[in-house]
Each structure stands twice: as structure tokens, then as C-alpha cells.
Amino acid sequence: MSKVEPDVADTMVDAAADAGADAGADPAAGPVADQVAVEDPGLRSGRGAGARRTPGLVPVSESRRTAEQGPRSDLPVPAASTLDAVTREATSGPGAVAAFARMLGSELGLTFRRPRNLAMLAVLAAVPVIMGVVLRILGDDMADGPGGLIQQVAGNGFFLALVSLGALVPLLMPVAVAVVAGDALAGEAAGGTLRYLLAAPAGRTRLLAVKFVNAVLFCLAVASAVALAALITGLLLFPAGPVTLLSGVAIPLGDALLRLLIVIGYVTLGMAALAAVAIALSTLTEAPIGAIAATVVLVIATQVMRAIPQLEPVQAYLLPNWWSGFDAVLRDPIAFDHLTSGLLAFGAYILLFGSFAWARFTSKDITS
Amino acid sequence: MTLEAGAPSGAAPPSADHAIVTEGLTKRFKGGQVAVDALDLTVPRGSVYGFLGPNGSGKTTTIRMLLGLVTPTSGTYATVPLPRVGALVEGPAFYPYLSGEANLLRYDAADPTASGRTARARVGAALERVGLSAAAGKRYRAYSLGMRQRLSIAAALLGPRELLILDEPTNGLDPQGTREVRTLVKEIAADGTTVFVSSHLLAEIEQMCTHAAIMRTGRLVADGTIASLSGGRAPRVRVETPDGADAARVLRGLGLAAVTHEGTQVSAELGGHAPERLNVALVEAGVAVRGLSVVRPSLEEVFVGLTGEGFDVEG
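Residues numbered from 1 in each chain as written. Chains lettered and ligands numbered in written order. Predicted model: local features only at pLDDT ≥ 70, side-chain atom pairs only at ≥ 80, totals over all residues.

Q: Is there a simple way to think about the packing of helix α12 (residues 204-237) of chain A against helix α13 (residues 253-282) of chain A in this case?
A: Two packed helices can be described by the angle between their axes and the distance between those axes. Residues and elements named next belong to chain A. Across the interface, α12 lies against α13 with an axial gap of 8 Å and an inter-helix angle of 140°. Considering the angle they form, α12 stands oblique to α13. Where α12 crosses over α13, the two elements pack in a sense that is right-handed. Residues Lys211, Phe212, Ala215, Val216, Cys219, Leu220, Val222, Ala223, Ser224 and Ala227 of α12 lie in contact with α13, whose contacting residues are Leu260, Ile264, Val267, Thr268, Met271, Ala272, Ala275, Ala276 and Ile279. (Axes fitted to C-alpha atoms, helices over the stretch in contact; angles between N-to-C directions. Helix = DSSP H or I, 4+ residues; strand = E, 2+ residues; numbered from the N terminus. Parallel < 35°, antiparallel > 145°, perpendicular 65-115°, else oblique. Left-handed = near helix turned anticlockwise from the far one by under 90°. Contact = placed C-beta atoms within 7 Å.)

Here it is in C-alpha cells:
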């Protein structure tokens, strides 16, 4: 018994800290500690690797017993027994923010450990490397070729980052985002895991928010991976130095890198708008491939529409129309009004499709 | 019904005595099919409640409504708050590329009342309880059907539960696994946790449960304690004798009701009579008795009588 008490006291301190040092915990401490002490040998063996006659039985029985002690049962003190390390803390549990962060962490772990997603990131990051190598090899032959693009890159490796983003933003990056975001809810529904998440209970609004934030962070990862791979390749293969902007002004490389951060943020939000569309589609089906394909088809269809001059009046409403707007940072001063128009378009898409997804998902019968 | 369907509409139980109460609970799916029709269900706390019915009788839809997955068309329900409800719904569902342990951590992370600090210990305890500790690090993809079923029971046992909802918990288990589940359910119930178990395996329910409800085409056709359900039909005494007519006369003379006589078989409702006394009376009256038995209707007979043919009565 004497060996037991410090253990209990220890865990009790933990629990009290958890509950924000709940002052009400003290009066109950005496009897509870007694009871825990009595039960403790069993509990301790329950924790150990040694032989147990009734595996796992002890924690729940103990929690029941403490739960039946009356109004004090909700306090974390009973939870302080060794067992409740195994079960759970106060009914209030962790704060809403901490719980959200934990669920988001679980989601991110799933997204960024999944081989499919990692492969997509790797492919996207490989594109600028290949582009850089090709430009380096062919650069001399094409010195007087078309487009100042090659000359720009050849003149300053920094431009490879912008050129790469410009090349990937219209289709390849959206495909990667569509795969992750389109899979968000439909994938869980297809696997049957959605019903268990909601019974946990994850909460529908909360789950939707976690899925969206996760998708946005994936967009950020995609944009960062491309920009970083391009920057490293560019600076290794081409000269570095002050960056000459479109308006002819040269700025230091450090300033240019700050502007690249703005570009990454802009591209991330552009992709986040697409993620909102994909998640909205994801609430409509239990087949993830359906939501993914629909999103990709939408991207391609709108890109085709952009190429048709007669459709010019509607172009401002098409999402891909704004994706390439980041070249505004290459002006001096930065053409913030251009960026703002794009950001407003992204915000409108996120709001519109986010609302749709929310309305649909929170009222839907989960029968998968 | 709030839009936030994560929590049941009646999160607070109506009284401390009940774990589940539904009133007029109805679900009509798009297309007009009525899956659950005005269900009034009362599950006492601490009971092991069998929820029976043929496939398609509305059991799973009811469970989905209790868990907030499906919105009732009308009616109300109240259960223990969801974080204190462990559920197994329509078989296991996990991420095949994650280990058993990682899968449980994933579900645990979805519960806003669960602390991340104690998650590993909680998951370890749940795995140990269903005997999966050794396979904790193995990918779910490589699990056998029985292991998958156990893992979903482990998921239902994460954290302290006041109510356990088990939908067909022994599906896919071998006889040994079935017995283990039964033992586990009894242990959990002994701790005071209410267990609500749906099944179409009658023998299973009869062995595990204290109460039962029987569904048929979305309606509740009977509910109560197992004893009262079985007792709905009186035990009968069955006499096998070549002197059928005489035996029937003797039994009637003794005041037994519903006497039937068919060839060498005579049977009657036992009522309050002692079977050995009946035997003495028959023999004294010169009836040659080949056999005398008391037949108590099994739950199975009760259920088949209530739910009609086509009931899946294995077990």
C-alpha cells in the first residue's frame, strides 16, 4: 500500500493539472485515493506486461465504480487512478482547440503518410528539377529561341520557381489537390470509416473543418514542394543574384525570396478554393473516384472555356482564371490590386462551396 | 433536430434508469420505404438488451438513428451522451494500410472528449481486452475476419462506456470467438455497462441477454425480459401413449387446458400441475405411458411465431 500511494498522488497531480487545477478535486481525494489504493495491485498488474487473469477487465470496472460514487464522479480525481491513465480524463476532456488539433494531426498523419499522396508530391517536385536540367542542357542552343522565359531562368535561377509554378498550376497541381480533397469524405464513406468517426463522435461540422484544413495544408505542401525544388535546382544550375522584375527594376535576392513566399501563399489559396469544390463534391457520393474525377473534369472544362474568346464575359467567374495571377508580385511595386481580385475570387469559391458542403454533410443520412 | 448531427437530438437520457428511450421513432427513406415505424423502445440501464429481427426489419436503421448517423423522420430518442457510447455498426471498418493500433488511435483522436496524452494507454488496454495485443502493430489488411471483428469491439471499448451498442457482434467469428464475445459481453455487463446487442442469432441472445425486443418490418412486435418473452407461451406437457383418447380424458379431468390428441401424442398446457403427479394420475387411470415430457417454448419458437417464416434461425 505504501508503495502505491505516491503513484496515485502522482497521477492525481497530472489530472488536476489537466482540469486546470480544479479546486473541487481535493475533498474527494481522500476516499477515492483509498479505493484506488485498494484496487491498485490489480490495476498495476493491468498495466504491466506480466500475467493477468482477466485482461482489460479491471480498468472499466474501476471506472464504473468511481463513476458510481456520485456527483463527484465527473471530477478528474477518480481518473487519477492508474487506470484512468488508461481510460479518460474529466468529462470536459481536453479543450476544444486541443481536441481539434489532435484530430487534425491524425488527419495529417493519414494524408502525409499515404504513399499515393507522397508519390504525387514527389512527382510534382520532380517537374522543376527536370525543367531546370533540360533548360541547362539546351539553354545554350536556345539562347536566341522564343520567349524570354529561358533567358530569364538562364540569367537568374530564381525564376525557375515562378516558371515551374506557372507550368504546374493550370493542371497538375489541381489534379493532386483533387485527389486528396475529393477523397476526403467520399473515401471515408467508401471505407465505412465515416460512420465510426461520426459515432466517436467526431461531429459533422468539426470533421468537415478538419478535412478542409487538412486539404489546405496539403495545398500548401504542394506549392511549397514545387517552389522549393525549383528554387534549389535553379540556384544550383543557374547564376543567382539581384532579380530584375518585369518593370525593369532589380531587387535583392532576399526581397525576391520574400515575394516568393507571397506567391506560395497565393497559389495555396487558389488550390484551397479548388479543394473546397472537391470536398463539396465529396459530400455527394460514396465513391471517391467520382468526386476526384468530377473535380478534374471541372478543371479541364473551365480551362477549355478560358481558351474560347467568345466566353470572355464569364472568364472572371472561372476559378482557373485566377490561379496564374501571382505574377503580379513581379511588378514594382507589387500589384496588390491584382492579387486582391484573385484572393476575393478564391474566398468566394471557398465560402460558396464550403457552405454547400456544410449544408449537405450536416443533414445527410450516413448509410454507408 | 439540430443541424449538428454529431450529437443525438436528445443527448440527455430522460431518467437515470434508462440508457435508451425512443418514442414514436420513425424513419422513412427517400422513395417512401419505411425502415422503422413508430418505435417505442425502453432500454433499462444495466441490462443486456437483445435487439432481434429478421434481416431488413429495421434494426440497423434504429442503431444508426441512435448514433446520430441517420436523422429520424419523426419521433424522438434519447441516449447516453455519445462519447460514452461504444458502437459496432454493420461490421468492422478500418483503414487497411494502418496497423490495428494506429486505427484505434485514429478513432480515439476523433473523440473530442478523449485526451491525447492517455491515448496510447487507452488503445493498449482495449487491444489487450480483446486479445489483439500481439497483432497491434500488424496492418489491418493482414487481419483475419475474426481479428477484424475483435478490433471493432476494441474500438467500441475505447474509454469508459455507459452503453455499448453491438450490431451483430459475432458475425464472422468461429465458435470459439463467438463464445469469447459472449463472455466479454457478460463481463462488460457485470461492470454495470448497458449492452444493446442486435442479432438474428436467437440462441446467442437467449444466452447473453436479460431483455429483448423483437422487430418485424420496422415495427416492435414484442419486448420485455427474456423470461417474460418465453413465458408468453405456457409450457406444455406431452404424453406419448397408445391410449391417446383415455389420456386426453384424464388430463381434461384434471383441469388441464388446451388438450390436443393426435395419434399416440397427447399434449396440454401444464398450468400449475406437477408433471410427476400427472404421470401418477395417468398410470392409475390405466393409461400406458411411453413417455412424458414438459416442453417449454424456446425463444426461437416465440420469435418465429411473432416474426413469421423466413426468419433466420441458425444458431
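And the narrative resumes.
Q: Is there a simple way to explain unusual backbone geometry in this structure?
A: One can expect most non-glycine residues to show negative phi and most peptide bonds to be in trans. Between Ala200 of chain A and Pro201 of chain A the backbone carries a cis peptide bond, its omega angle lying at 5°. Within the secondary structure, Pro201 of chain A is located in the loop between α11 (193-199) and α12. Following Asp332 of chain A, the chain continues to Pro333 of chain A via a peptide bond in cis, the omega torsion being -5°. Mapped onto the fold, Pro333 of chain A is located in the loop between α15 (320-323) and α16 (336-363). For Glu168 of chain B, which is not a glycine, the phi torsion comes out positive at approximately 50°. Within the secondary structure, Glu168 of chain B sits in the loop between β6 (163-167) and α5 (175-190). Phi angles above zero are rare outside glycine, and Thr217 of chain B is one such case at about 40°. When you line up the elements, Thr217 of chain B lands in the loop between β8 (211-216) and β9 (219-225).

Q: Got a minute to help me understand the packing of helix α6 (residues 96-113) of chain A against helix α2 (residues 100-110) of chain B in this structure?
A: Remark: α6 of chain A packs on α2 of chain B, axes separated minimally by 8 Å, with the N-to-C direction vectors making an angle of 145°. Viewed along their axes, α6 of chain A and α2 of chain B form a crossing whose handedness is left-handed. Seen from α6 of chain A, the contacting residues are Arg102, Met103 and Ser106 of chain A; seen from α2 of chain B, they are Arg106, Ala109 and Ala110 of chain B.

Q: Honestly, the environment of Leu160 of chain A in this entry has me stumped. Any pointers?
A: Residue and element names in this part refer to chain A. Residue placement: Leu160 occurs in helix α9 (residues 159-168). Note: C-alpha distance between Leu160 and Ala230 (70 residues apart in sequence) is 5.6 Å. Other than its neighbours up to four places away in sequence, Leu160 contacts Pro128, Met131, Gly132, Val153, Ala230, Thr233 and Gly234.

Q: Quick question: what am I supposed to make of the sheet that holds strand β12 (residues 265-269) of chain B here?
A: Paired through their backbone hydrogen bonds, the strands of a sheet run either parallel or antiparallel. Residue and element names in this part refer to chain B. Within the open sheet, the four strands sit side by side as β11-β12-β10-β13. Their pairing is antiparallel. Among the strands making up the open sheet, the edge pair consists of β11 (257-262) and β13 (291-295). Strand-to-strand twist across the sheet, computed as the mean angle between neighbouring axes with direction ignored, equals 15°. As judged from the five bridges shared by strand β10 (residues 236-240) and β13, these two strands associate in the antiparallel manner. Bridged to Arg236 within β13 is Val295. Contacts between helix α8 (residues 244-253) and the sheet are confined to β10, β11 and β12, with β11 contributing the most and set at about 175° to the helix. (Pairing = 2+ DSSP bridges.)

Q: Just checking my understanding: could you explain α5 of chain B for this structure?
A: Structural remark: α-helix, 3.6 residues per turn; residues separated by three or four positions point the same way. For α5 of chain B, built from 16 residues, the straight-helix expectation of 22 Å at 1.5 Å per residue is met to within 8% by its first-to-last C-alpha distance of 23 Å. Two residues or fewer after α5 of chain B comes Gly192 of chain B, characterised by a positive phi angle close to 100°. (Expected span 1.5 Å × (residues − 1).)

Q: How should I be thinking about the sheet that holds strand β3 (residues 48-52) of chain B in this particular structure?
A: All names here are of chain B. Ordered by their spatial adjacency, six strands build an open sheet running β5-β6-β7-β3-β8-β9, and the pairing between neighbours is mixed. Because the sheet does not close on itself, it has two edges, and the strands there are β5 (85-88) and β9. Going across the sheet, the axis of each strand differs from the next one's by a mean of 15°, ignoring polarity. With five bridges connecting them, β3 and strand β7 (residues 194-199) associate as parallel partners. Within β7, the position partnered with Tyr49 by the bridge is Phe196. Packed onto the sheet, α5 meets β3, β6 and β7 and runs at close to 150° relative to β7.

Q: What is the right way to read the nonpolar core from this model?
A: If you look at soluble globular proteins, the nonpolar side chains tend to sit buried side by side. Counting residues in hydrophobic clusters, the biggest one holds 167 residues, and the most contacted among them are Val177, Val222, Val226, Ala275, Ala276 and Ile279 of chain A. Element by element, the count of residues in this core is highest for α13 of chain A, at 18 residues. What Ile279 of chain A contacts, discounting residues up to four positions off in sequence, is Ala181, Ala184, Leu185, Lys211, Phe212, Ala215 and Ala357 of chain A. Grouped together as the second largest cluster of nonpolar side chains are twelve residues, Ala247, Val266, Leu282 and Val287 of chain B included. (Core = buried A, V, L, I, M, F, W, Y, C linked by C-beta atoms within 7 Å. Buried ≥ 20, exposed ≤ 12 C-beta atoms within 10 Å, placed from the backbone.)

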